[in-house]
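# Residue-level structural notes
Here are the chains, one letter per residue:
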Amino acid sequence: AAFNPTLLAAVTLMLALDHPKRLLLGYMLGAALTSITVGLVIVFVLGGSSSATSTAKHTINPVFDVALGVIVLLVTFVVATGRDRRRRARSARKKAERGDSPPPRWQQALSGGSARTTFVVGALLTLPGASYLAGLSTLVKQDLSEAATVLVVIAFNAIMLALLEIPLLGYTFSPQKTSAAVERLTALLARHGGRIALMVAALVGTALVARGATRLT
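Just so it is clear, the structure is predicted and the values come from calculations on it, not from any experiment.

## As for the overall build of the protein
Across its full length, the protein carries 11 helices and 0 strands. Within the protein, the fraction of its 217 residues that count as buried is 26%. When the accessible area of the protein is evaluated, it comes to approximately 13700 Å², of which 65% is carbon and sulfur surface.

This is how it looks when you write it as structure tokens:
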């Protein structure tokens, strides 16, 4: 659940802006508010309803994991071997013809540099994903007390939002070292971002195939 491409992109963008600690904190508060509230509603209001449980079960279907993993690996292979050069050339020509397209609205909002804005963006972007629904479905079956259920939902969210919490802790307890590390990371991504993305995609695809195959057997 912590591997969230949208959250990773948002965190990377906020780290490159002024006052990243304030922006990260605003985003985290908004994300936690939405995620924890939705999680508690699903657990306590919907409970073990067939719709909620079946949705979660469907999202973790092992066949889906294998299929998605194979697709990710195929795309990674095509990009890594340069077989998509014609497509990229066509895309570059079309982009040049119509001019630079504006970034998504959530990226534009984050670029504004306001903690209030990042709170709103975090609240709107943090909707329950497949892993969160699967975790809530499992939680419903544990028959825990209300207090324990609330604590488990909060703990789940603490793990799920780790991409926000780790840099926040760094800026709180060691701001100078964290700023230096962020600068090095930004420079690294600028030089080797494409290669790193391919490596991560290959690992994710392999993990999905392995997890799906294990469940099928």
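## So, the side chain of Thr-118
Locating Thr-118 in the fold gives a position in helix H7 (residues 115–125). Only 3.4 Å separates the side chain of Thr-118 from the backbone nitrogen of Tyr-27, close enough to count as a polar contact.

## Some thoughts on the side chain of Thr-178
Along the chain, Thr-178 turns up in helix H11 (residues 175–216). For Thr-178, the side chain forms a polar contact with the main-chain oxygen of Gly-170, separated by 2.9 Å. In contact with Thr-178, not counting residues within four places along its chain, are Pro-167, Gly-170 and Tyr-171.

## As for the packing of helix H2 (residues 20–46) against helix H9 (residues 146–160)
Where H2 contacts H9, the two axes come as close as 10 Å, and the packing angle between them is 140 degrees. By the angle between their directions, the pair H2 and H9 is classed as oblique. Crossing geometry of H2 relative to H9 is assigned as right-handed. Listed contacts from H9 to Ser-35, Ile-36, Leu-40, Val-43 and Phe-44 of H2 are Glu-146, Thr-149, Val-150, Val-153, Ile-154, Asn-157 and Met-160. Residue composition of the contact of H2 with H9, grouped by class: 8 nonpolar, 3 polar and 1 charged.

## Let's talk about the nonpolar core
In terms of nonpolar packing, the biggest core is built from 17 residues, with Val-11, Met-14, Leu-24, Tyr-27, Leu-161 and Leu-164 touching the most fellow members. Here the element with the most residues in this core is H2; it accounts for 6 residues. Contacts of Leu-24, omitting those with residues within four sequence positions, involve Val-11, Met-14, Leu-15, Leu-164, Pro-167, Leu-168 and Tyr-171.

## Brief notes about unusual backbone geometry
Phi angles above zero are rare outside glycine, and Asp-143 is one such case at about 55 degrees. Position of Asp-143 among the secondary structure elements: in the loop between helix H8 (130–140) and H9. The exposed category is assigned to Asp-143, whose relative accessible area is 70%.

## A short note on helix H10 (residues 162–173)
When the terminal C-alpha atoms of H10 are compared, their 16 Å separation across 12 residues agrees well with the 16 Å that a helix rising 1.5 Å per residue should span. Taken as a whole, H10 has its buried residues at Leu-164, Pro-167, Leu-168, Gly-170 and Tyr-171. For H10, the angular spread of the buried residues around the axis is 160 degrees, confining them to a single face. Exposed residues lying more than 90 degrees from the buried face of H10 are Ile-166 and Phe-173.

## Side note on a nonpolar patch on the surface
A surface patch of nonpolar side chains, amounting to about 540 Å² of accessible area, comprises Leu-25, Leu-29, Leu-33, Phe-119, Val-120 and Leu-124. Where the nonpolar patch is concerned, the elements lending two or more residues are H2 and H7. Within the element layout of this structure, Val-120 appears in helix H7. Overall, Val-120 belongs to the partly exposed group, its relative accessible area being 41%.

## Considering the packing of H8 against H9
At a minimum axis distance of 11 Å, the contact between H8 and H9 shows a crossing angle of 160 degrees. Accordingly, the angle class assigned to the pair H8 and H9 is roughly antiparallel. Note that H8 runs across H9; the crossing there is right-handed. Residue-level inspection shows Ser-131, Tyr-132, Gly-135, Leu-136 and Leu-139 of H8 in contact with H9, the latter providing Thr-149, Val-152, Val-153, Phe-156, Asn-157 and Met-160. Of the residues contributing to the contact of H8 with H9, the split by class is 7 nonpolar, 4 polar and no charged.

## Side note on H9
When the terminal C-alpha atoms of H9 are compared, their 21 Å separation across 15 residues agrees well with the 21 Å that a helix rising 1.5 Å per residue should span. Listed as buried for H9 are Thr-149, Val-153, Asn-157 and Met-160. The arc that holds the buried residues of H9, viewed along the axis, is 75 degrees, so those residues lie on one side. Relative to its buried face, H9 has exposed residues pointing more than 90 degrees away, namely Ala-147, Leu-151 and Ile-159. Looking at the buried side of H9, the elements it contacts are helix H1 (5–15), H2, H8 and H10.

The rules behind each value
Residues numbered from 1 in each chain as written. Predicted model: local features only at pLDDT ≥ 70, side-chain atom pairs only at ≥ 80, totals over all residues. Heavy atoms only, no water. Helix = DSSP H or I, 4+ residues; strand = E, 2+ residues; numbered from the N terminus. Buried < 20%, exposed > 50% of the residue type's maximum accessible area, 1.4 Å probe, protein only. Areas by Shrake-Rupley, 256 points an atom, 1.4 Å probe, with all protein chains shown as cover. Polar contact = N/O pair within 3.5 Å; in protein donor to acceptor, adjacent residues only side chain to side chain. Contact = heavy atoms within 4.5 Å. Axes fitted to C-alpha atoms, helices over the stretch in contact; angles between N-to-C directions. Parallel < 35°, antiparallel > 145°, perpendicular 65-115°, else oblique. Left-handed = near helix turned anticlockwise from the far one by under 90°. Nonpolar A, V, L, I, M, F, W, Y, C, P; charged D, E, K, R; others polar. Core = buried A, V, L, I, M, F, W, Y, C linked by side-chain atoms within 4.5 Å. Expected span 1.5 Å × (residues − 1). Arc of directions from axis to C-beta. Patch = residues over 30% accessible without salt bridge, like charges linked within 9 Å, V, L, I, M, F, W, Y side chains within 5 Å. Salt bridge = Lys/Arg side-chain N within 4 Å of Asp/Glu carboxyl O.

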